[in-house]
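Read off the chains here:
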Amino acid sequence: MQLSKTEEELMNHLWKQEKAFMKNLLDAYPEPKPANTTIATLLKRMTDKGFVGYTVFGKSRQYYPLVKKKDYFSKHLNGLIKNFFNNSTTQFASFFTEETNLSKEQLEELRELIDHQIQKK
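Heads up: these notes are all about the structure in this document. All values derive from a computational prediction rather than experimental measurement.

Definitions and cut-offs
- Residues numbered from 1 in each chain as written.
- Predicted model: local features only at pLDDT ≥ 70, side-chain atom pairs only at ≥ 80, totals over all residues.
- Heavy atoms only, no water.
- Patch = residues over 30% accessible without salt bridge, like charges linked within 9 Å, V, L, I, M, F, W, Y side chains within 5 Å.
- Areas by Shrake-Rupley, 256 points an atom, 1.4 Å probe, with all protein chains shown as cover.
- Salt bridge = Lys/Arg side-chain N within 4 Å of Asp/Glu carboxyl O.
- Lys, Arg positive; Asp, Glu negative; His and termini not counted.
- Charge placed at Lys NZ, Arg CZ, Asp CG, Glu CD.
- Helix = DSSP H or I, 4+ residues; strand = E, 2+ residues; numbered from the N terminus.
- Buried < 20%, exposed > 50% of the residue type's maximum accessible area, 1.4 Å probe, protein only.
- Pairing = 2+ DSSP bridges.
- Axes fitted to C-alpha atoms, helices over the stretch in contact; angles between N-to-C directions.
- Parallel < 35°, antiparallel > 145°, perpendicular 65-115°, else oblique.
- Contact = heavy atoms within 4.5 Å.
- Nonpolar A, V, L, I, M, F, W, Y, C, P; charged D, E, K, R; others polar.

Here we take up a negative patch on the surface. Taken together, the side chains of E105, E108, E109, E112 and D115 make up a negatively charged region of the molecular surface. Along the chain, E105 falls in helix α6 (residues 104-120). Exposure remark for E105: the relative accessible area of 54% places this residue in the exposed category.

As summarised here, the arrangement of the 3 strands in space is β1-β3-β2, forming an open sheet in which the pairing is antiparallel. Both outer strands of the open sheet, β1 (20-21) and β2 (52-57), are each paired with one neighbouring strand and no more.

Two elements in contact, helix α1 (residues 5-17) and helix α4 (residues 69-84), have axes separated by 11 Å at closest approach and are oriented at 150°. Viewed along their axes, α1 and α4 adopt a mutual orientation that is roughly antiparallel. Across from E8, N12 and W15 in α1, the residues of α4 making contact are K69, Y72 and H76. When the residues that make up the contact of α1 with α4 are grouped by side-chain class, the tally is 2 nonpolar, 2 polar and 2 charged.

Next comes the structure, spelled out in structure tokens:
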């Protein structure tokens, strides 16, 4: 299951804070801040989808992520590779390196990362 853009934005705030009450999440947004009801609706949807859990403290809820950012991004990226690059990581890497205007230094850093992964295998 995926998050919408607005849910991803809220989830990013929650990943940064690790645990947060709705007020803390609202405070993380720049002006103009979304309405309380908007955040409450998003949190409800994200809870229903299994991305967010909460602990009740009296009348308040403290929310926390049930999915790690790395895991979500990895699944999202793998879906992107499957759907847009015919499940070819080579096509994705080619597109990424050609279309993102990476500097020579950044490309060399990528090569070092790849070489390191090759050595580990």
